[in-house]
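Architecture and fold: a report
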Amino acid sequence: MNNCFYRGINYWPAHKAMYWWKKFDRDEVNRNFGLLKRYQMQIVRLFLTWEDFQPKPEKVEQQTLGNLLCVADLAEKHQLKIMPTFFCGHMSGVNWMPKWMIDPGSEPSLRFPIYSDGTYHYSSIRNFYQEPEVIEAQLFQVTQVCRQLNGHPSIWAYDLGNESSNCCIPHNRKSARRWLELMQSAITSSHPDCPVTIGMHAEDLEEDRQLWPQDAAIYCDFLCMHGYPFYLSWVSDPLDVHILPFLGLVTAWLGHKPVLFQEFGAPTRPVIPPLTYQPSLSTPLWEETRVANYYRQALNLLSASGIIGALAWCFADYIPELWELPPLKENAHERYFGLVRHDGSVKPALEFFSDFASTNFKENIFSDWLSGFSRDDFYLSPRQNLTAMFSKFKTVIGKENIL
């Protein structure tokens, strides 16, 4: 990694969404990657849906593995880098799991349903930080994937999960660190010299979920953070762009490692048929021009704050034929997060990404507001600390005239 600000995107194709590995279409990926290259994207984050890559603990699906290699080849063709994300896992309000990862005798999860083998399951997920058989299966998947991709020029980094604390939580920090150590070691043994990270989100800062940035930093080359102000109860403005550099800088401060802002964005009101905007949605939709301005402000703030890069959520809106399937039926706002509309036309936000200069990267200029806070004591009252820190941060950043 060099001293520049990386621009990228989280990828699900418009015509397949979370089902793309089951119905892999090389031509669609080729077209999409060509579009991303034209708009100056650099990194594409991919999700290795656990069921599609490892339908049984002892089996990694060779055809899906071959399709992943095809994606890597297409990324190289279009001069893009990819970040494969293991054990996916939590995605768009649903936990996607192979059937063997469901604990049939457990109490149902109170928050996120499990989708497996074409149907919802209201149970709990086996704890993949604790159970030896599950850890062994994870190590098998990591080894198979990394050996397949070893030495491929398109691989930018490996990601050990997407908001994994929404699936299960380690019993303690010691077991979390042990898990991180095992997974990182498996990656570096099978694909030497490739960076490793893990996709953490704002809730990992709001609550003590037993895997702290301090722990992840021991085994990760850089840290990641996800943030959406409209999901945070302690943020009054649903599009308060300041929350993005704030969450990134808190993560960097806790972990003493560089931070990639791996997910951010906002859903837009549809402008092409079918026009199904629903004011009653639990998460609002905003005008495309408003979201484009949000992206503009975010990129300026993140780059000025010393964050190493930003990945938009996400590539495309999804075609209406997918709207009655999970997760889009229950979470209708998830249909509209794309920087590309479902007909392939481009939203204004993607055009801004193209114009944004990577030379805007700077060292962190916002640090004074952290004085008086303790890294060691942060998780004694994390939400209270975040609220106090954010108030101080906004006072300091307001003097810089970045936006």
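Scroll up to find the structure this text is about.
The next thing to look at is the overall build of the protein. Across its full length, the protein holds 11 helices and 14 strands. A compact globule built from 403 residues would reach a C-alpha radius of gyration of about 22 Å, and the protein, at 20 Å, matches this within 12%. Its C-alpha atoms put the protein at 55 × 50 × 45 Å along the principal axes. Within the protein, the proportion of its 403 residues that are buried is 63%. Excluding contacts between residues fewer than 6 apart, the proportion of contacts in the protein whose partners are at least 24 apart in sequence is 76%. With an accessible surface of roughly 15,500 Å², the protein has 48% of that area assigned to carbon and sulfur atoms. Of the charged side chains in the protein, 36 are positive and 44 negative, and the gap between their average positions amounts to 3 Å.

Another aspect to go through is helix 9 (residues 288-304). The end-to-end C-alpha separation of helix 9 is 24 Å, in line with the 24 Å expected for 17 residues at 1.5 Å each. Within helix 9, 13 of the 17 residues are buried, leaving the element largely enclosed by the surrounding structure. Gly306, located one to two residues past helix 9, shows a positive phi value of around 90°.

Scanning all chains against the criterion turns up 20 salt bridges. Glu263 is the partner of Arg45 in a salt bridge, and the nearest nitrogen-oxygen pair spans 3.1 Å. Within this pair, whereas Arg45 is found in strand 2 (residues 43-49), its partner Glu263 is found in strand 13 (residues 259-264), the two being separated by 218 residues in sequence. No difference in accessibility class separates Arg45 from Glu263, as the two residues are buried. For Glu181, the salt bridge identified is with Arg178, shortest N-O distance 3.2 Å. Residue Glu181 and its partner Arg178 are both found in helix 5 (residues 173-190); the two are separated by 3 residues, about one turn of the helix.

Residue Pro273 is joined to Pro274 through a cis peptide bond whose omega torsion reads 0°. By the secondary structure assignment, Pro274 is in the loop between strand 13 and helix 9. With an omega of 0°, the peptide bond between Pro326 and Pro327 qualifies as cis. Counting through the fold element by element, Pro327 comes out in the loop between strand 14 (309-312) and helix 10 (348-355). Here Gln40, not a glycine, exhibits a phi torsion of approximately 70°, which is positive. Within the secondary structure layout, Gln40 lies in the loop between helix 1 (26-38) and strand 2. With a relative accessible area of 37%, Gln40 lands in the partly exposed category.

The subject of this paragraph is the environment of Ala292. Summarising the element assignment, Ala292 is placed in helix 9. Remark: the alpha-carbon pair of Ala292 and Phe261, spanning 31 residues in sequence, is separated by 17 Å. Excluding residues within four positions of it along the chain, Ala292 makes contact with Pro348 and Ala349.

Moving on: helix 3 (residues 62-77). Since the α-helix packs 3.6 residues into each turn, any two residues three or four apart lie on the same face. In this model helix 3 runs 23 Å from its N-terminal to its C-terminal C-alpha over 16 residues, within 8% of the 22 Å that 1.5 Å per residue would give. Those residues of helix 3 that are buried are in contact with helix 1, strand 2, helix 2 (50-53), strand 3 (81-88) and helix 4 (132-149). Positive phi shows up at Gln79, right after helix 3, with a value of about 60°.

Glancing now at the packing of aromatic side chains. Summed over all chains, the structure comprises 46 aromatic pairs. Taking the centre distance of 5.5 Å and the plane angle of 70° together, the rings of Tyr11 and Phe33 count as edge-to-face. Linking Tyr11 in the loop between strand 1 (6-10) and helix 1 with Phe33 in helix 1, this pair joins segments that are 22 residues apart in sequence. Taking the relative accessible area as the measure of exposure, Tyr11 reaches 0% and is therefore buried. Judged by its relative accessible area of 0%, Phe33 is buried. Ring centres 5.9 Å apart and planes at 70° place the aromatic pair Trp323 and Tyr336 in the edge-to-face group. Of this pair, Trp323 sits in the loop between strand 14 and helix 10 while Tyr336 sits in the loop between strand 14 and helix 10, and the two are 13 residues apart along the sequence. Using a relative accessible area of 7% as the deciding quantity, one classes Trp323 as buried. By the ring-pair criterion, three or more aromatic residues cluster together here, those being Trp50, Phe86, Phe87, Trp100, Phe128, Tyr129, Tyr158 and Trp179.

What counts as what
Residues numbered from 1 in each chain as written. Predicted model: local features only at pLDDT ≥ 70, side-chain atom pairs only at ≥ 80, totals over all residues. Heavy atoms only, no water. Helix = DSSP H or I, 4+ residues; strand = E, 2+ residues; numbered from the N terminus. Rg over C-alpha atoms; globule rule 2.2 N^0.38 Å. Buried < 20%, exposed > 50% of the residue type's maximum accessible area, 1.4 Å probe, protein only. Contact = heavy atoms within 4.5 Å. Areas by Shrake-Rupley, 256 points an atom, 1.4 Å probe, with all protein chains shown as cover. Lys, Arg positive; Asp, Glu negative; His and termini not counted. Charge placed at Lys NZ, Arg CZ, Asp CG, Glu CD. Expected span 1.5 Å × (residues − 1). Salt bridge = Lys/Arg side-chain N within 4 Å of Asp/Glu carboxyl O. Phe/Tyr/Trp six-rings, centres within 6.5 Å; stacked < 30°, edge-to-face > 60°.

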